[in-house]
Amino acid sequence: MRVVVVGLRATGAVVAEWLHRRGDEVTVVEERPGQPGYAERRDHLEAAGIRVIESAPDWEGLVSAADLVVPSPGVRPDHPVMLAAAAANVTVRGDLDLAVEAATVPVVVVTGTNGKSTVTMLISAMLEASGRRAPAVGNIGRVALEAVDEPADVLVIEASSFQLHTVTPTFRPAVAVLLNLADDHLDWHGSFSAYVADKQRSFRYQEPDGVVVANLDDPAVVDAVRDAPGRLVGFALATTRPGAATWVHGRLLDPDGVAIEMDVDGDSLAPHERSNIAAAVAAAGVVGATPEGIALALANFTRLHHRTELVGKADGVLYVDDSKATNPHAAVAAIRGYRRVVLLAGGESKGVDLGSLRQVADRIRAVVAIGDTPEEVEAAFAGVVPVTRATSMRAAVRAAADLATDGDVVLLSPACASFDWYDGYAARGEDFDREVQDLLAERGPT
């Protein structure tokens, strides 16, 4: 088979090698060569006999001579290669589509607007603690195709809407988890309905014996799974529902109503944390996690970096890194976990209206706007909460420290992507951490 792979970052390199080992004739196109590690990836592929093109080619000619196009995640639907493939009736498949078809063990796919990485890691940990090999791969970091040929009992895959956009009817995971739905990446998808449609691809092609795990507290999720072909298993916080993982008086119950013995009182956890745990319990139980394994995993689980992570305290003020909150839905969930917040927000809004942040304005004392579009943050809080602009993270941390008083939380929960100032949310969080540590050194921890 003749395959065109678009993009030579981590995903493109793994896809190209995997297809080449399978015996396909592979051509890789990288329109923007030069990113860190690119030369090594290119040289490695070329040494294996894989053709690499380092500029925009004649897409129509290249695609019309191919049998398959595999775009890297993030290649937009209006990219010339996608238009050329549609015009030539050439199949387009993403890396997750290839991985799920090739997997010889049950696959759990986790998607949603927020909480994907946490729930993916939790499911993996619950299964591992139950004696099942269950690597966590996909959008969480490791390319899923790297794991399909390795020993495993279950694959747990985090799937972004970008990755799901290119799945085909071969994409039939044993379990699909839909955590929540809110405006995100509207600049890429074009509309909320198109975004939801791509999320629905996580379960659209399941067989009747497949399972979709859905958030029964989220009306958009309930509507999205209404016609799912597989069996519905729910999770919920708002009410106790039969057949759903839930919490009752601080105790965690699996979908069968079996209590998971935990050392932590659920009432001490933030709502989004309880929701993530319930989702993981519902999904992990379907593919072999035991109540004992679930309890052990929860006892040992460490929260992911940059997700409501405490990085310091000075003068009675907590400094919390929630850089992973790249949309308003995630930021609102974080803000609700605190009584008084000085919020650092802003960046690339991805076409999403930040106005939904006003629903938690009663918990926000002040806002420091970061990123290249501070006017969007100012508009979101106009007439409700005072907003100060900052032109660097250093300036933002110090402005927030001056605004905060004893008992406040300075919260970096930007509600936006980070690519205006940084390479990703992790780099933004690390910069925040550095500036907080500098502040601690100057003022002294308390």
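Preceding block: the structure.
This write-up is about the structure you can find in this document. Small disclaimer: the values here were computed from a predicted structure and weren't measured. (Residues numbered from 1 in each chain as written. Predicted model: local features only at pLDDT ≥ 70, side-chain atom pairs only at ≥ 80, totals over all residues. Heavy atoms only, no water.)

This part is about the overall build of the protein chain. Within the protein chain one finds 16 helices and 20 strands. For the protein chain, whose C-alpha radius of gyration is 23 Å, the value lies close to the compact-globule estimate of 22 Å for 446 residues. Within the protein chain, the proportion of its 446 residues that are buried is 55%. Split by element, the accessible area of the protein chain, about 18,200 Å² in all, is 49% carbon and sulfur. Both charge centroids of the protein chain, one from 40 positive and one from 62 negative side chains, sit 3 Å from each other. (Helix = DSSP H or I, 4+ residues; strand = E, 2+ residues; numbered from the N terminus. Rg over C-alpha atoms; globule rule 2.2 N^0.38 Å. Buried < 20%, exposed > 50% of the residue type's maximum accessible area, 1.4 Å probe, protein only. Areas by Shrake-Rupley, 256 points an atom, 1.4 Å probe, with all protein chains shown as cover. Lys, Arg positive; Asp, Glu negative; His and termini not counted. Charge placed at Lys NZ, Arg CZ, Asp CG, Glu CD.)

Right, let's get into the nonpolar core. Of all hydrophobic cores here, the largest spans 37 residues; its most connected members are Val5, Leu19, Val28, Val70, Leu145 and Ile157. Elements that contribute at least two residues to this core include exactly β1 (2–6), α1 (10–21), β2 (25–29), α2 (38–47), β4 (68–71), α5 (95–102), β6 (107–111) and β8 (155–158). Among all residues touching Leu145, those that are not within four sequence positions of it are Val14, Val15, Trp18, Asp95, Leu98 and Ala99. Val177, Phe235, Ala279 and Ala280 belong to the second largest nonpolar core, which has 36 residues in total. (Core = buried A, V, L, I, M, F, W, Y, C linked by side-chain atoms within 4.5 Å. Contact = heavy atoms within 4.5 Å.)

This paragraph deals with the pairing of strand β17 (residues 341–345). The buried fraction of β17 amounts to five of the five residues, a majority that puts the element mostly inside the structure. Side chains Val341, Leu343 and Ala345 of β17 all project onto a buried face; the interleaved residues Val342 and Leu344 project onto the opposite face, where all are buried too. The pairing of β17 with strand β20 (residues 409–412) spans four bridges and is classified as parallel. Along β20, the bridge assignment pairs Val342 with Val410. (Pairing = 2+ DSSP bridges.)

This paragraph deals with the pattern of salt bridges. By the definition in use, this model includes 23 salt bridges. Salt-bridge contacts for Asp408 lead to Arg365; the nearest nitrogen and oxygen are separated by 2.7 Å. Separated by 43 residues along the polypeptide, Asp408 in the loop between α15 (393–403) and β20 and Arg365 in strand β18 (residues 364–369) bring together distant segments of the chain. On the basis of relative accessible area, Asp408 is assigned to the buried category, the value being 0%. (Salt bridge = Lys/Arg side-chain N within 4 Å of Asp/Glu carboxyl O.)

Turning our attention to the packing of α15 against helix α16 (residues 425–443). When two helices pack together, their arrangement is captured by the angle between the axes and the distance separating the axes. Running from N to C, α15 and α16 point in directions that differ by 50 degrees, and their axes come no closer than 9 Å. Looking at the two axes, α15 sits oblique to α16. Crossing geometry of α15 relative to α16 is assigned as right-handed. Taking contact as the criterion, the partners of Met393, Arg394, Val397, Arg398, Ala401 and Asp402 in α15 are, on α16, Arg428, Asp431, Phe432, Glu435, Val436, Asp438, Leu439, Glu442 and Arg443. When grouped by side-chain class, the residues that make up the contact of α15 with α16 number six nonpolar, no polar and nine charged. (Axes fitted to C-alpha atoms, helices over the stretch in contact; angles between N-to-C directions. Parallel < 35°, antiparallel > 145°, perpendicular 65-115°, else oblique. Left-handed = near helix turned anticlockwise from the far one by under 90°. Nonpolar A, V, L, I, M, F, W, Y, C, P; charged D, E, K, R; others polar.)

Our focus in this paragraph is helix α4 (residues 80–88). All of the buried residues along α4 are Val81, Met82, Ala84 and Ala85. The arc enclosing the buried residues of α4, seen along the axis, measures out at 165 degrees, which places them on a common side. In α4, the exposed residues that point more than 90 degrees away from the buried face are Leu83, Ala86 and Ala87. Packing partners of the buried residues in α4 comprise β1, α3 (59–64), β4 and β5 (91–92). One or two steps after α4, the chain reaches Asn89, where phi turns positive at roughly 60 degrees. (Arc of directions from axis to C-beta.)

As a further point, take the sheet that holds β8. The mixed open sheet is built from nine strands, whose spatial order is β7-β8-β6-β9-β10-β11-β12-β13-β14. Taken across any chain shown, the strands that pair with only one partner, and hence form the sheet edges, are β7 (136–138) and β14 (259–260). Two strands pair when backbone bridges link them, and β7 and β8 are joined in this way by three bridges, in the parallel orientation. Bridging across to β8, Gly138 finds its partner in Glu158. The sheet strands contacting helix α6 (residues 116–129) are β6, β7, β8 and β9 (175–178), and the helix crosses β8 at an angle near 175 degrees.

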